[in-house]
Amino acid sequence: MEHRAPYRLAVPALAALLALTTACTGGPVQGRPGASGLRDPFFPKAGNGGYDVDHYELDLDYDPADGQLNGTAVITARARQGLSSFNLDLSGLEVEGVTVQGADARYNRTGNELTVRPAVDLKQGEVFRTEVDYAGKPKTLTDVDGSKEGWISTPGGGAVGVGEPVGSMAWFPGNHHPSDKAAYDITLTVPHGYEAVSNGELRSRTDTGDGRTAFAWHNPEPMASYLATAVVGTYQVTTGRTPSGIPLYEAVAPAEAAASAGKLARLPEMLEWGGRRFGPYPFGTAGAIVLPAKSLTYALETQTKPVFPGAPGEEELVLHELAHQWFGNSVSPKSWKDMWLNEGFATYAEWLWAEDHGGPTAQRHFQAFLDGDTAVDEAADSDWAAFPPASPPGPAHISAAPVYYRGAMVLHRIRQEVGDEKFFDLVRGWTAGHRHGNADTADFTAYAQERTGHDLKGVWDVWLYGKGRPR
Ligand code: ARG
Ligand code: ZN
């Protein structure tokens, strides 16, 4: 017992010394600024360093009459380092106040970076809550490839928020990079008469007593921020369940209802088919949002409910966006360079669906691209060989033809090498192994070789990384 006495005596002395030290350095915990970007090879400023978001609670009040958004974002995150400040990505809008752990925080803005300086430094490992109050008319952003994202007014009054690749910062502050996935609760408050739709399950629909309705959407599974959506407008809503019990929620612009019905009616069958081909459907809900025609120039695989710019022209498009729920949404890219893992798989899923439903086999699709045979696939004469899918020449090319078609051809080449049994085992193993996670091309090539036991170097060298047109 005695041997402890000198030690005990030393403690107050040590504490006094520590107090003196912290008095000199200005705080009990020393943090440093979190990085302003995650150094994505294509979007280096996207996302932020020093923390990981667990949950976003977005309360968005939107008035379609004047395009005004009043928002509160409560972001629960874990510090990965001691933080004296950290960034959120936000484009446009007015920030009205920021608190961290309930205390007013200082903040400033440069470009799309909102820098938050908490009153007290955050400790490594600390879970902290940041609230950002903001308002304004959210902007439509033009992507480097010329397509529109962010916040987009839809014909007939209303709007849609979409994010791929870096548009979500136009409607909420966040860690806008696919490597930081989080759960979301998005509540949309809109004037009576409007529907408001987002990801996941509709938990409640409440009359707020002032002529408005609050729609509370709950998305518990991890979601990359580019897959968040908010849709406000006049929609016909249909709910149901698939035979295996997955709740469905479909919102369709009235003018598109007749033309959409046949394609959307196949969703339950597609979900069951996907479950067999790719492994269990990764989310608790499913559905679709059909926007007024020409709202966007593309469909997007927004989590649980893809958006379509008007009635989908072909059932393959519905299948493509559904396939992304496994490939892209559950297994998300580590960086924007890995887009072929999204689009190659979603395109190959279309070929597989056709093969299993009386259309051309995947082999015929593959051959059609080699031959430029547009009778089998309209895109067969596209510039699919322009660059290797694993290394697009830049951010303007992450949604270009080689990412989709040559990406799908990579998968078909693997299937040719290993045979159907090992190929589908590989696909299901891939979705299971990275379920609700992130993966990159190197993860895929290593896993494909390990799981199938085949040396696939020839496929990688020629199809995935090779510069020339493969034959
Ligand atoms: N990921 C979407 C799809 O293929 C397409 C998004 C297009 N976006 C763009 N910026 N080009 O399902
Ligand atoms: Zn796609």
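Residues numbered from 1 in each chain as written. Chains lettered and ligands numbered in written order. Predicted model: local features only at pLDDT ≥ 70, side-chain atom pairs only at ≥ 80, totals over all residues. Heavy atoms only, no water.

**Student:** What should I look at first to understand the overall build of the protein in this one?
**Tutor:** Counting its secondary structure elements, the protein contains nine helices and 23 strands. Over its C-alpha trace the protein gives a radius of gyration of 24 Å, about what one expects of a compact globule, namely 23 Å for 471 residues. A principal-axis box enclosing the C-alpha atoms of the protein has dimensions of 85 × 60 × 40 Å. Here the protein, with 471 residues, has 56% of them falling under the buried criterion. In the protein, of all internal contacts separated by at least 6 residues, the share reaching a separation of at least 24 is 67%. Accessible area for the protein stands at about 19,000 Å²; split by element, carbon and sulfur atoms hold 51% of it. Here the protein carries 40 positive and 58 negative side-chain charges, and the mean point of each set is 6 Å from the other. (Helix = DSSP H or I, 4+ residues; strand = E, 2+ residues; numbered from the N terminus. Rg over C-alpha atoms; globule rule 2.2 N^0.38 Å. Buried < 20%, exposed > 50% of the residue type's maximum accessible area, 1.4 Å probe, protein only. Contact = heavy atoms within 4.5 Å. Areas by Shrake-Rupley, 256 points an atom, 1.4 Å probe, with all protein chains shown as cover. Lys, Arg positive; Asp, Glu negative; His and termini not counted. Charge placed at Lys NZ, Arg CZ, Asp CG, Glu CD.)

**Student:** Would you mind showing me how to read the packing of helix H3 (residues 267–278) against helix H4 (residues 315–323) here?
**Tutor:** Any two packed helices are characterised by the angle at which their axes cross and by the distance between the axes. In contact at an axis separation of 10 Å, H3 and H4 are set at 50° when each is read in the N-to-C sense. With respect to each other, H3 and H4 are oriented oblique. Considering the relative orientation of H3 and H4, their crossing is right-handed. The segment H3 lies against H4, with Leu-267, Met-270, Leu-271, Trp-273 and Phe-278 engaging Glu-315, Val-318, Leu-319, Leu-322 and Ala-323. Its residues assigned to classes, the contact of H3 with H4 shows nine nonpolar, no polar and one charged. (Axes fitted to C-alpha atoms, helices over the stretch in contact; angles between N-to-C directions. Parallel < 35°, antiparallel > 145°, perpendicular 65-115°, else oblique. Left-handed = near helix turned anticlockwise from the far one by under 90°. Nonpolar A, V, L, I, M, F, W, Y, C, P; charged D, E, K, R; others polar.)

**Student:** For this particular structure, what's the right way to read the sheet that holds strand S11 (residues 148–153)?
**Tutor:** The strands that make up a sheet are held in pairs by hydrogen bonds between backbone atoms, and each pair lies either parallel or antiparallel. Spatially, the five strands line up as an open sheet ordered S10-S11-S12-S17-S14, and their pairing is antiparallel. Either end of the sheet is taken by a strand with one partner, and the two such strands are strand S10 (140–142) and strand S14 (195–198). The mean inter-strand angle of the sheet, taken between neighbouring strand axes irrespective of direction, is 15°. Across four bridges, the pairing between S14 and strand S17 (residues 230–233) is antiparallel. Looking at the pairing, Val-197 lines up with Val-231 of S17. (Pairing = 2+ DSSP bridges.)

**Student:** It is not clear to me how the coordination of the zinc ion (ligand 2) should be interpreted in this structure. Could you clarify?
**Tutor:** Coordination angles at a metal have ideal targets, namely 109.5 degrees for four tetrahedral donors and 90 or 180 degrees for six octahedral donors. Listed as protein donors to the zinc ion (ligand 2) are His-320 (NE2), His-324 (NE2) and Glu-343 (OE); their distances from the metal cover 1.9 to 2.0 Å. As a motif over one chain, the donors of the zinc ion (ligand 2) read H-x3-H-x18-E. Of the two residues, His-324 sits in the loop between H4 and strand S22 (331–333) while Glu-343 sits in helix H5 (residues 340–356), which places them 19 residues apart along the sequence. Taken individually, His-324 and Glu-343 each receive the classification buried, so the pair is uniform in this respect. (Donors = N, O, S within 2.8 Å, 3.2 Å for Na, K, Ca; no water.)

**Student:** Looking at this structure, I do not really get the site of ligand 1. What am I missing?
**Tutor:** Around ligand 1 lies a shell of 14 residues, among which Asp-145, Ser-147, Glu-164, Glu-321 and Tyr-404 are the nearest. One nitrogen or oxygen atom from the side chain of Glu-321 is found 2.8 Å from an oxygen atom belonging to ligand 1. Between Tyr-404 and ligand 1, the recorded distance is 2.6 Å, taken from a side-chain N or O atom to an oxygen atom. Burial of ligand 1 by the surrounding chains reaches 91%, relative to a free accessible area of 350 Å². (Near = heavy atom within 4 Å. Polar contact = N/O pair within 3.5 Å; in protein donor to acceptor, adjacent residues only side chain to side chain.)

**Student:** Just checking my understanding: could you explain the nonpolar core for this structure?
**Tutor:** Note on soluble globular proteins: their nonpolar side chains tend to be buried together. Counting 136 residues, the largest nonpolar core has Ile-414 and Phe-444 as its most contacted members. If we ignore the near neighbours within four places in the chain, the residues touching Ile-414 are Phe-423, Leu-426, Phe-444, Leu-456, Val-459 and Trp-460. (Core = buried A, V, L, I, M, F, W, Y, C linked by side-chain atoms within 4.5 Å.)

**Student:** Explanation requested: the pairing of strand S4 (residues 83–89) in the structure shown.
**Tutor:** Look at any regular strand and the pattern is simple: side chains alternate between the two faces of the sheet. Within S4, seven of the seven residues are buried, which leaves the element mostly enclosed by the surrounding structure. Where strand S1 (residues 32–33) lies against S4, two bridges are found, and the strand directions are parallel. Bridging from a neighbouring strand, Arg-32 pairs with Leu-83 of S4. The pairing of S4 with strand S8 (residues 113–117) spans four bridges and is antiparallel. The residue bridging Asn-87 from the neighbouring strand is Thr-115, located in S8.

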